[in-house]
Amino acid sequence: MSDSETDSPSIKALIVFRENGETDNLFVPILCDAIRMAGIDVRCSKKDFWESDTTYDIIHFQWPEEVVGWICEDHDVIRRLKERIAFFRSRGAHFVYTRHNIRPHYANEVISRAYDIIESESDIVVHMGHYSLTEFIEKHPGSRNVVIPHHIYQYTYKEDISIERARQYLNLPQEAFIVTAFGKFRNREEIRMVASAFCKWNEKNKLLLAPRLYPFSRRNEYGWNLFKRWASRLGYYLAMPLLNRLLKFHAGANDELIDNCDLPYYIAASDVIFIQRKDILNSGNVPLGFLFHKVVVGPTTGNIGEILSATGNPTFHPDDRSDILEALEKARQLSAWGQGEKNYAYALENMNIRKIGKEYAQTYKDVING
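It should be emphasised that the depicted structure is a prediction, and the values quoted were computed from it without experimental measurement.

Student: What's the story with the pairing of strand E7 (residues 177–180) in this structure? I'm lost.
Tutor: Here is the key point about a regular strand: its side chains alternate between the two faces of the sheet. Neither face of E7 is exposed, since Phe177 and Val179 on one face and Ile178 and Thr180 on the opposite face are all buried. Two elements, E7 and strand E8 (residues 206–214), share four bridges in a ladder whose sense is parallel. The partner of Ile178 across the bridge, within E8, is Leu207. Each parallel crossover has a hand, and for E7 linked through helix H8 (residues 188–200) to E8 it is right-handed. With two bridges connecting them, E7 and strand E10 (residues 272–274) associate as parallel partners. Residue pairing in the sheet places Thr180 in a bridge with Ile273 of E10.

Student: I tried to follow unusual backbone geometry on my own but got confused; where do I start?
Tutor: Backbone geometry follows two general trends: most residues other than glycine have a negative phi, and most peptide bonds adopt the trans configuration. One non-glycine residue with positive phi stands out, namely Tyr155, at about 60 degrees. The topology assignment puts Tyr155 in the loop between strand E6 (145–147) and helix H7 (163–170). Relative accessible area serves as the criterion here: at 70%, Tyr155 is assigned to the exposed category. Of note, His293 is a non-glycine position whose phi angle comes to about 65 degrees, a positive value. Relative to the elements of secondary structure, His293 occurs in the loop between helix H11 (285–291) and strand E11 (295–299). With relative accessibility at 30%, the residue His293 sits in the partly exposed group.

Student: Is there a simple way to explain the nonpolar core in this structure?
Tutor: Within soluble globular proteins, side chains that are nonpolar tend to cluster in buried spots. Counting 37 residues, the largest nonpolar core has Val286 and Phe290 as the members making the most contacts within it. If you list the elements that add at least two residues to this core, you get helix H1 (27–37), H7, E8, helix H10 (263–268), H11 and helix H12 (302–310). By residue number, the principal contributor to this core is H10, which donates five residues. With sequence-adjacent residues up to four places away left out, Val286 is seen in contact with Ile275, Val296, Ile304, Ile307 and Leu308. Ala181, Leu208, Val295 and Ala327 belong to the second-largest nonpolar core, a separate cluster that totals 31 residues.

Student: So what exactly am I meant to see when it comes to the pattern of salt bridges here?
Tutor: Close approach of charged atoms allows side chains with opposite charge to pair. Tallying each qualifying case throughout the model produces 22 salt bridges. Of the charged contacts, one joins Asp74 and Arg80 as a salt bridge, the two residues approaching to 3.6 Å between their closest N and O atoms. A relative accessible area of 31% means that Arg80 is categorised as partly exposed. A salt bridge links Arg103 to Glu119, with the nearest nitrogen and oxygen atoms 3.9 Å apart. Of this pair, Arg103 sits in the loop between strand E4 (94–98) and helix H5 (109–121) while Glu119 sits in helix H5, placing them 16 residues apart in sequence. Judged by relative accessible area, Arg103 falls into the partly exposed class, the value being 31%. Residues joined by salt bridges that share partners form a network here, namely Asp74, Asp76, Arg79, Arg80 and Glu83.

Student: Can you walk me through the environment of Phe198 in this structure?
Tutor: You can see Phe198 is positioned in helix H8. Filtering out sequence-adjacent residues up to four positions away, Phe198 remains in contact with Val179, Lys206, Leu207, Leu208, Leu247, Lys248 and Phe249.

Student: Help me out: how do you make sense of the environment of Ser270 in this one?
Tutor: With respect to the helices and strands, Ser270 occurs in the loop between H10 and E10. The class for Ser270 is buried, based on a relative accessible area of 1%. Beyond its immediate chain neighbours, meaning those up to four positions away, Ser270 contacts Ile163, Arg167, Ile178, Thr180 and Lys294.

Student: It is not clear to me how the packing of aromatic side chains should be interpreted in this structure. Could you clarify?
Tutor: Remark: the centre distance and the inter-plane angle together describe each pair of aromatic rings, the angle taken between the planes. Counted according to the given criterion, the structure contains 17 aromatic pairs. Residues Phe177 and Trp201 carry aromatic rings whose centres are separated by 5.9 Å and whose planes lie at 75 degrees to one another, so their mutual orientation is edge-to-face. Here Phe177 is found in strand E7, whereas its partner Trp201 is found in the loop between H8 and E8, with 24 residues between them in sequence. Like Trp201, Phe177 is buried. Plain terms: the ring middles of Phe274 and Phe316 are 5.1 Å apart, the flat faces sit at 15 degrees to each other, and that makes the pair stacked. On the criterion of sequence distance, the pair formed by Phe274 in strand E10 and Phe316 in strand E12 (residues 315–316) is long-range, its members being 42 residues apart. On the basis of relative accessible area, Phe274 is assigned to the buried category, the value being 4%.

Thresholds, definitions, all that
- Residues numbered from 1 in each chain as written.
- Predicted model: local features only at pLDDT ≥ 70, side-chain atom pairs only at ≥ 80, totals over all residues.
- Heavy atoms only, no water.
- Buried < 20%, exposed > 50% of the residue type's maximum accessible area, 1.4 Å probe, protein only.
- Helix = DSSP H or I, 4+ residues; strand = E, 2+ residues; numbered from the N terminus.
- Pairing = 2+ DSSP bridges.
- Right-handed = clockwise from strand over helix to strand, strands pointing away.
- Core = buried A, V, L, I, M, F, W, Y, C linked by side-chain atoms within 4.5 Å.
- Contact = heavy atoms within 4.5 Å.
- Salt bridge = Lys/Arg side-chain N within 4 Å of Asp/Glu carboxyl O.
- Phe/Tyr/Trp six-rings, centres within 6.5 Å; stacked < 30°, edge-to-face > 60°.

So yeah, pure geometry; function would need other evidence.
And the structure:
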């Protein structure tokens, strides 16, 4: 986009996302800044979508769960969602949807219906890879679509942390080969997949760094169920330390968030970033790993497998343990051969926020101009 394009009348856009900034996923706040840098008058607000009568040129959906509520079971919200879309469309708004997931991780009927409505009502759908694009077109053959990669988290975290400093900060052994599985483990299958492969991996100095692995909690999250409450606490205080020592893990409870100030230390301390999902479309851990010059290992599924294969990073079939072991061994070799630096160079060229912001701005203009 040329500089002269930014002199045209400003497009007013609303990204439907919480306005208080309280999130452990900074995708939207960074994207909002990137689009604003491209000359768009953009605001992040969920409240404005439901309550405001402000006229917007673009209404931009991210996760449908963010619109209706992550554990919403109120069936009336579907009626109100349709009404709000119709209201904004009557005022001339166009709708854009960035597709993060194929379907909700924790589905119920209300949230599934919200997905259906937002997918069908959006004038254009943004995909972060061609896998998503192809899969979506098969279900929605008449839809308008565009591919815009996941941006990297530039100017967000402290990026100049040495691996030695990061390990010192987190009290990790300097000589270890550290594989990091960042983010919450969502189910037993993910825990089993990673733990079984890592334990079988023949690497003498290995250490699995998984800050949100164990399904234990020190909090009173089971209410009046005394058995579950005490079993969870025993797991937290007794089983976790024992398993960590026996299995060469440095892992924590999956209900404990990592502070955004500490997050870069976990990534910087790593030799390899491991995407622990069995079934996934996108992951912010890929651009995060690339930004910190790391090799990234992930499943062959979704856009993840597509970008990792295209950039020379190892992939695996999630149900094939020998395939995971082979990917881990290849990642160990690639980390010594400079693949992390290649990942960083690729990310700076193809996933930088200025480039991604301009592509979204152009998408807004395209959908407005029909």
